[in-house]
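Single-letter residue listing:
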Amino acid sequence: MNSVVSVGAIEAFFRHNGNIGGMQIMPYYVLNQFDYSLPLHLDVREILREQIGDRLLPFALRRSPAVSEALAEGMTVMDYAPGAVVAEDYAHLAQWVRSLSAPAIQSSQSYGSVRWSER
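Presented here is a report on the structure given in the accompanying data block. All values reported here derive from a predicted model rather than from experimental measurement. (Residues numbered from 1 in each chain as written. Predicted model: local features only at pLDDT ≥ 70, side-chain atom pairs only at ≥ 80, totals over all residues. Heavy atoms only, no water.)

1. As for helix α1 (residues 2–17)
- End to end, α1 covers 22 Å across 16 residues, agreeing with the expected 22 Å (1.5 Å per residue, within 8%).
- Every buried residue of α1 is listed here: Val4, Val7 and Glu11.
- If you follow the buried residues of α1, they end up packed against β3 (29–34) and α2 (39–52). (Helix = DSSP H or I, 4+ residues; strand = E, 2+ residues; numbered from the N terminus. Expected span 1.5 Å × (residues − 1). Buried < 20%, exposed > 50% of the residue type's maximum accessible area, 1.4 Å probe, protein only. Contact = heavy atoms within 4.5 Å.)

2. Describing the packing of α1 against α2
- The geometry of α1 relative to α2 is characterised by a closest axis approach of 10 Å and an angle of 15° between their N-to-C directions. It follows that α1 is roughly parallel to α2 by the angle criterion. Between α1 and α2 the crossing geometry is right-handed. The residues of α2 that touch α1, namely those facing Ser3, Val4, Val7 and Glu11, are Val44, Ile47, Leu48, Gln51 and Ile52.
- Taken together, the residues of the contact of α1 with α2 break down into six nonpolar, two polar and one charged. (Axes fitted to C-alpha atoms, helices over the stretch in contact; angles between N-to-C directions. Parallel < 35°, antiparallel > 145°, perpendicular 65-115°, else oblique. Left-handed = near helix turned anticlockwise from the far one by under 90°. Nonpolar A, V, L, I, M, F, W, Y, C, P; charged D, E, K, R; others polar.)

3. Here's the deal with the pattern of salt bridges
- Following the criterion strictly, the structure yields four salt bridges and no others.
- Across the pair Arg49 and Glu46 runs a salt bridge, and its minimum N-O distance is 2.8 Å. In this pair, Arg49 and Glu46 both sit in helix α2, three residues apart, roughly one turn of the helix.
- Judged by its relative accessible area of 35%, Glu46 is partly exposed.
- Here Arg62 makes a salt bridge to Asp89, at a shortest N to O gap of 2.7 Å. Separated by 27 residues along the polypeptide, Arg62 in strand β4 (residues 56–62) and Asp89 in helix α5 (residues 85–100) bring together distant segments of the chain.
- Under the relative-accessibility criterion, Arg62 is labelled partly exposed at 29%.
- Of the residues examined, Asp89 reaches a relative accessible area of 3% and is grouped as buried. (Salt bridge = Lys/Arg side-chain N within 4 Å of Asp/Glu carboxyl O.)

Here you go:
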């Protein structure tokens, strides 16, 4: 419910401060620690969708102990548990972010299971 309550303040902030170079900037939202089996989470998602429309990303980052375990090991969840469902969620988020950016020079370097801090 904190998400629903906070959206109004975030939206107001960007309406008043999000004008950069004559262009209005508004945020996108992603649900974190989401549990598709909980009716409350599904209700919150629908309320947010009504409030912010397509700026609520069509996927969520699911609740998973793999995230905190990866942090405890100093790794990303992608490196710690690449087969975990939440790693797939982060991959969707990364793909979405990439789709917004201009094409960049692709690196052929493969990192495998190297910690992000060692890259």
